[in-house]
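Residue-level structural notes
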Amino acid sequence: MPDLAKTTAVYGQIQNPREIDVSILSASSSLYKRVEFHTMSVDKEGIMRMRKWEYPIHLKPKETIDLERNGTHLMLYDKQNEKGDLWIEIHYSDGKTEKHIVEIKSL
Ligand SMILES: [Cu+2]
């Protein structure tokens, strides 16, 4: 069992399976206090920086967000619990909540 850092990044895919637009209002996690979406962009000095993607995050019908290294990702802050599975809950504007189990890979 790898030791989880106080802050960690999560990669994967989030898809809107609906035929209509929807927004992500917030996200929460089992082991971490705060979940943020981050995007990567190049600043004036040419350095890649991550930037907070403010909620609500708009998704078109069938749109997919790819969460990948050096791209958009989820950032988890303030580790709370030491034990248990890591999952993330995404809260949508239509009232639905989607639970994603996160597989922990050590680097
Ligand atoms: Cu980040």
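Before reading on, note that the structure itself is shown above.
Summarised in this report is the structure supplied together with it.

**Side note on the nonpolar core**
Formed by I24, A27, L31, Y32, F37, L59, L74, L76 and I88, the largest nonpolar core amounts to nine residues. Counting only elements with at least two residues in this core, the list comes to strand 3 (22-29), strand 4 (32-42) and strand 8 (73-79). Discounting chain neighbours no more than four positions away, the residues touching I88 are V10, A27, S29, V35, L74, H100 and V102.

**Digging into the sheet that holds strand 10 (residues 97-101)**
One open sheet holds the four strands; their spatial order is 6-3-9-10, and the pairing between them is antiparallel. With partners counted over all chains shown, the strands left at the sheet margins are strand 6 (57-59) and strand 10, one partner each. With direction set aside, neighbouring strand axes in the sheet form an average angle of 35°. Pairing between strand 3 and strand 6: three bridges, direction antiparallel. Residue pairing across strands places I24 opposite I57, the latter belonging to strand 6.

**Section: the pairing of strand 5 (residues 48-53)**
Across a regular strand the side chains alternate sides, sitting on one face of the sheet and then on the other. In terms of burial, strand 5 is largely open, as just zero of its six residues are buried. By the bridge criterion, six bridges tie strand 4 to strand 5 in an arrangement that is antiparallel. Across the sheet, residue T39 finds its bridge partner in strand 5, namely R51. Linkage of strand 4 to strand 5, two consecutive antiparallel strands, is achieved through a turn of five residues, within which G46 is found at a positive phi near 85°.

**Points about the environment of T64**
Relative to the helices and strands, T64 resides in strand 7 (residues 64-67). For T64, a count of 12 C-beta atoms within 10 Å gives the class exposed. Between the alpha carbons of T64 and R18 there is a distance of 11 Å; along the sequence they are 46 residues apart. Setting aside chain neighbours within four positions, we find T64 in contact with Q13 and Q15.

**Regarding the sheet that holds strand 8**
One open sheet accounts for four strands, arranged 1-8-4-5; its pairing is antiparallel. Each having just a single partner strand, strand 1 (8-10) and strand 5 make up the two edges of the open sheet. Taken pair by pair, the neighbouring strands of this sheet meet at an average axis angle of 40°, ignoring direction. One ladder, built from six bridges, connects strand 4 with strand 8; its direction is antiparallel. In the strand pairing of strand 8, Y32 is matched with K79.

Cut-offs and rules
- Residues numbered from 1 in each chain as written.
- Predicted model: local features only at pLDDT ≥ 70, side-chain atom pairs only at ≥ 80, totals over all residues.
- Core = buried A, V, L, I, M, F, W, Y, C linked by C-beta atoms within 7 Å.
- Buried ≥ 20, exposed ≤ 12 C-beta atoms within 10 Å, placed from the backbone.
- Helix = DSSP H or I, 4+ residues; strand = E, 2+ residues; numbered from the N terminus.
- Contact = placed C-beta atoms within 7 Å.
- Pairing = 2+ DSSP bridges.
- Axes fitted to C-alpha atoms, helices over the stretch in contact; angles between N-to-C directions.

Geometric descriptors of this kind do not, in isolation, establish any biological role.
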